[in-house]
Every structure is written in structure tokens, then in C-alpha cells.
Amino acid sequence: MPARIIDGRALAAALNAETAHRIEAGRFHPGLAVVLVGDDPASAIYVRNKDRAARAVGIEARTIRLPADTSETALLARIAALNADPVIDGILVQLPLPPQIRPQAVIEAIDPAKDVDGLSPVNAGRLFMGRPFLVPCTPLGVMKLLAAADVSVSGARALVIGRSNLVGRPLAALLTAADATVTVAHSRTRDLAAECRRAEILVAAAGRPELVRGDWIASEAVVIDVGIHRQKGGGLVGDVAFAEALPVAASITPVPGGVGPMTTACLLENTLTAALARRGHPGKG
Ligand code: NAD
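Anyway, here's the lowdown on the structure attached to this text. (Residues numbered from 1 in each chain as written. Predicted model: local features only at pLDDT ≥ 70, side-chain atom pairs only at ≥ 80, totals over all residues. Heavy atoms only, no water.)

**A short note on the packing of helix 1 (residues 8–26) against helix 6 (residues 137–148)**
With their axes 11 Å apart at the nearest point, helix 1 and helix 6 run at an angle of 105° to one another. By the angle between their directions, the pair helix 1 and helix 6 is classed as roughly perpendicular. The segment helix 1 lies against helix 6, with G8, L11 and L15 engaging K144, L145 and A148. In the contact of helix 1 with helix 6, the residues fall into four nonpolar, one polar and one charged. (Axes fitted to C-alpha atoms, helices over the stretch in contact; angles between N-to-C directions. Helix = DSSP H or I, 4+ residues; strand = E, 2+ residues; numbered from the N terminus. Parallel < 35°, antiparallel > 145°, perpendicular 65-115°, else oblique. Contact = heavy atoms within 4.5 Å. Nonpolar A, V, L, I, M, F, W, Y, C, P; charged D, E, K, R; others polar.)

What follows is the structure in C-alpha cells.
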């Protein structure tokens with residue numbers, strides 16, 4: 001039997017509807033600032049999509065476009081101004097940044113209370129201490145996909161391929177907190193195929209097109225594909241060879257339509273979480 005497709009678009013639509021409803025009930029519009037430096041075409045598309053999705057749920061989105069030759073000092077000054085701006089609840093700086101700007105300096109400059117990407121040392125530290133506040137959007141979306149697909153995470157052998165601060169590391173922390181037995185694989189892992197074959201939950205976030213082959217996947221494994229790569233013909237593929245995985249896995253996320261829409265939906269939810277916390281709502285903050 002082919003794998004069940006985990007429909008990220010449907011789940012994201014449901015989460016966005018819930019976020020919109022909560023915003024309407026709260027009678028205020030959270031403010032989100034998205035900062036784009038330079039004119040990378042992929043980043044421009046991501047930013048436009050985030051702006052549109054935010055507006056659709058009632059978030060006041062503001063895109064700040066800065067030229068590619070913006071200095072680090074100038075960008076830090078813009079972030080300081082956004083930190084101090086009372087109408088801004090969330091700040092997102094689109095990565096990658098031009099080479100003259102150190103991404104870590106920028107991430108560390110964002111007020112942790114407005115850090116809707118969850119990348120600042122305070123939010124990363126809280127996650128690792130088991131007291132999460134704003135959690136990186138992609139790993140948060142992966143956990144929601146697993147929950148929606150009724151995957152029992154507790155006690156399961158989970159493999160996360162990739163150890164970036166954006167995806168792999170925080171996801172490993174979330175899976176551990178959910179009582180999975182977690183292995184993190186990376187570019188120096190000796191036998192990735194063998195690690196994959198042991199996994200009951202396999203999350204691929206290596207940034208390598210179709211790295212994970214069908215015969216690496218245990219039968220009845222749950223496969224979450226974080227990778228997204230544009231092919232020469234214009235189509236998109238993930239980090240998993242989807243056609244090979246389909247007859248083997250129990251369930252799998254497609255690319256597109258899996259993790260991607262959930263990342264955006266979680267950004268909007270994080271913006272609401274930040275807005276409520278800043279207004280003294282007794283939430284996770
Ligand atoms: P990254 O390049 O920062 O990290 C990649 C990680 O994978 C590294 O830790 C590296 O050690 C590991 N890796 C690389 N090659 C490997 C190999 N051959 N075997 C095992 N491990 C290997 O990337 P990232 O920011 O974590 O993103 C990963 C992928 O997820 C990219 O394709 C990116 O486009 C995608 N992504 C998608 C979304 C989404 O919303 N769908 C969001 C973020 C990232």
C-alpha cells in the first residue's frame with residue numbers, strides 16, 4: 001500500500017484559520033516587520049508570500065526592503081528601531097544576508113520577545129532547557145505535522161538529518177522533549193543509509209536534493225521532508241526521493257505542500273504568541 005500523504009497545505013489552512021479567529025477574538029492586529037536586504041529573487045518570493053499570508057489572518061505586515069550594500073551598522077540600527085517600536089510584535093530578518101553582514105550579529109540584536117523566527121540565543125536556550133517560548137517555525141511545523149498524522153512520537157526512534165540552528169538542532173530538541181529517542185545525522189555521519197533504516201520517524205533537512213533513497217527507508221516509517229530544491233525544469237523536489245519512498249513508507253510529506261506551508265503558518269502563530277505575551281497575556285512567555 002502506498003504511503004499516506006501528510007497534507008501540509010490542509011493543516012496550514014486549518015492553523016491559519018485558528019490564528020485568524022484568535023486575532024479577531026483578541027480585537028487587535030499584531031504587527032510583523034519582515035526585513036529583506038538585497039534582491040535575491042528566492043528571498044523576495046518568500047517575503048512576498050509571508051506578507052500576503054500575514055495580512056490574510058489579520059496581522060499588520062510591514063516589509064522593509066534595504067539595498068544589497070546596506071552596512072551591518074545600518075541594519076542593526078533598523079533592528080534597534082523595530083525593537084523599540086510599540087506597534088511591532090514580531091521581527092523577521094530574511095536570510096541569507098549579503099556577505100558584509102554577520103547573520104549571528106543580526107539575530108542576536110533582535111529583542112527575544114519579538115524574535116518570531118525563534119533563532120535568538122534566549123529562545124534557543126529556552127527551548128533546550130525545556131521552557132520554550134518562540135520556537136523556530138520549521139521544526140514547530142514538523143511537530144504539528146506529526147501530531148496531525150497521529151504519529152506516536154513517545155519512545156519512537158527518530159532520525160534528524162541536519163544540525164542547523166534553523167531546523168535540525170531545534171527539531172532534535174523538540175523530538176527529545178516529546179520523548180523520542182533521537183539521532184542527529186550530519187555531513188560527517190559515517191553510514192547515513194544505515195541510520196535511516198533504523199528510523200521509525202525520519203526527518204530529512206540536509207539541503208541535498210533526493211539524498212534519501214527508497215531503499216534507505218524502513219517499511220512503515222514516517223518520513224518528513226524539509227528539503228526544497230528547484231529543478232532545472234522548474235519543478236520542486238525535496239531531500240527524499242519521493243517516488244521511491246512512496247511504496248515503502250507508512251506516511252510522507254510531499255514537496256511542495258508538506259513542510260513549507262506549515263513553516264509560514266507557524267510564523268503567523270508565533271507572531272500572535274509574541275503579541276499576546278507583549279500584552280501581558282498569561283501564555284508561554
Ligand atoms: P543548512 O545547509 O544550514 O544545514 C544542512 C545540514 O545538513 C547541515 O547540518 C549538514 O551537516 C547536513 N548535511 C549536509 N549534507 C549532508 C549529507 N550528505 N548527509 C547528511 N547530512 C548532511 O540547511 P537548513 O537551513 O537546515 O535547511 C535544510 C533544507 O531545508 C534546505 O533544503 C532548505 O531549503 C530547507 N528548508 C525548508 C524550509 C521549509 O519551510 N520547507 C525551511 C527551512 C529550510
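**Here we look at helix 10 (residues 259–278)**
Spanning 20 residues, helix 10 covers 28 Å between terminal C-alpha atoms, matching the ideal 28 Å at 1.5 Å per step. Within helix 10, 14 of the 20 residues are buried, which leaves it mostly tucked inside the rest of the structure. Just past helix 10, the residue G280 takes up positive phi, approximately 80°. (Expected span 1.5 Å × (residues − 1). Buried < 20%, exposed > 50% of the residue type's maximum accessible area, 1.4 Å probe, protein only.)

**Here's the deal with the site of the ligand**
Taken together, the neighbourhood of the ligand is formed by 22 residues, with R163, S164, H186, V226 and T263 sitting nearest. Here an oxygen atom of the ligand and a backbone polar atom of R163 are 2.8 Å apart. One of the backbone nitrogen or oxygen atoms of V226 is found 3.5 Å away from a nitrogen atom of the ligand. In the complex, 71% of the free accessible area of the ligand, which totals 860 Å², lies under the protein chains. Per-class residue counts for the shell around the ligand are 10 nonpolar, 10 polar and two charged. (Near = heavy atom within 4 Å. Polar contact = N/O pair within 3.5 Å; in protein donor to acceptor, adjacent residues only side chain to side chain. Areas by Shrake-Rupley, 256 points an atom, 1.4 Å probe, with all protein chains shown as cover.)

**Examining the packing of helix 1 against helix 10**
A pair of packed helices is characterised by two quantities: the angle between their axes and the separation of those axes. Helix 10 packs onto helix 1 with a crossing angle of 20° between their chain directions and a minimal axis gap of 8 Å. With respect to helix 10, the axis of helix 1 lies roughly parallel. For the pair helix 1 and helix 10, the crossing hand works out as left-handed. Residue-level inspection shows G8, R9, L11, A12, L15, N16, T19, R22 and I23 of helix 1 in contact with helix 10, the latter providing P261, M262, A265, C266, L268, E269, L272 and L276. (Left-handed = near helix turned anticlockwise from the far one by under 90°.)

**Some thoughts on the pattern of salt bridges**
Inspection of the entire model under this criterion finds eight salt bridges. Between E269 and K144 there is a salt bridge, with the nearest N and O atoms lying 3.1 Å from each other. Of the two residues, E269 is situated in helix 10 and K144 in helix 6; the sequence distance between them amounts to 125 residues. (Salt bridge = Lys/Arg side-chain N within 4 Å of Asp/Glu carboxyl O.)

**Brief notes about unusual backbone geometry**
Cis geometry is found at the peptide bond from L95 to P96, where omega equals 0°. When you line up the elements, P96 lands in the loop between strand 4 (90–93) and helix 4 (103–109). Look at the link from V255 to P256: it is a cis peptide, with omega at 0°. Position of P256 among the secondary structure elements: in the loop between strand 11 (251–252) and helix 10. You will see that D150, though not glycine, has its phi angle at about 60°, which is positive. As for its position among the elements, D150 is in the loop between helix 6 and strand 5 (157–161). We note that E220 has phi near 75°; this positive angle belongs to a residue other than glycine. For E220, the position within the fold is in the loop between strand 7 (201–204) and strand 8 (222–225). In this structure E220 comes out as exposed when scored by relative accessible area, which is 61%.

**What about the sheet that holds strand 2 (residues 31–37)?**
Pairing in this open sheet of three strands is parallel, and the strands run 3-2-4 from one edge to the other. Here the strands that pair on one side only, and so sit at the sheet edges, are strand 3 (60–66) and strand 4. The mean inter-strand angle of the sheet, taken between neighbouring strand axes irrespective of direction, is 15°. Sheet topology note: the strand 2/strand 3 ladder contains seven bridges and is parallel. Residue pairing in the sheet places V37 in a bridge with L66 of strand 3. The strands touched by helix 3 (residues 72–84) within the sheet are strand 2, strand 3 and strand 4, with strand 3 carrying the most contacts at an inclination of about 165°. (Pairing = 2+ DSSP bridges.)

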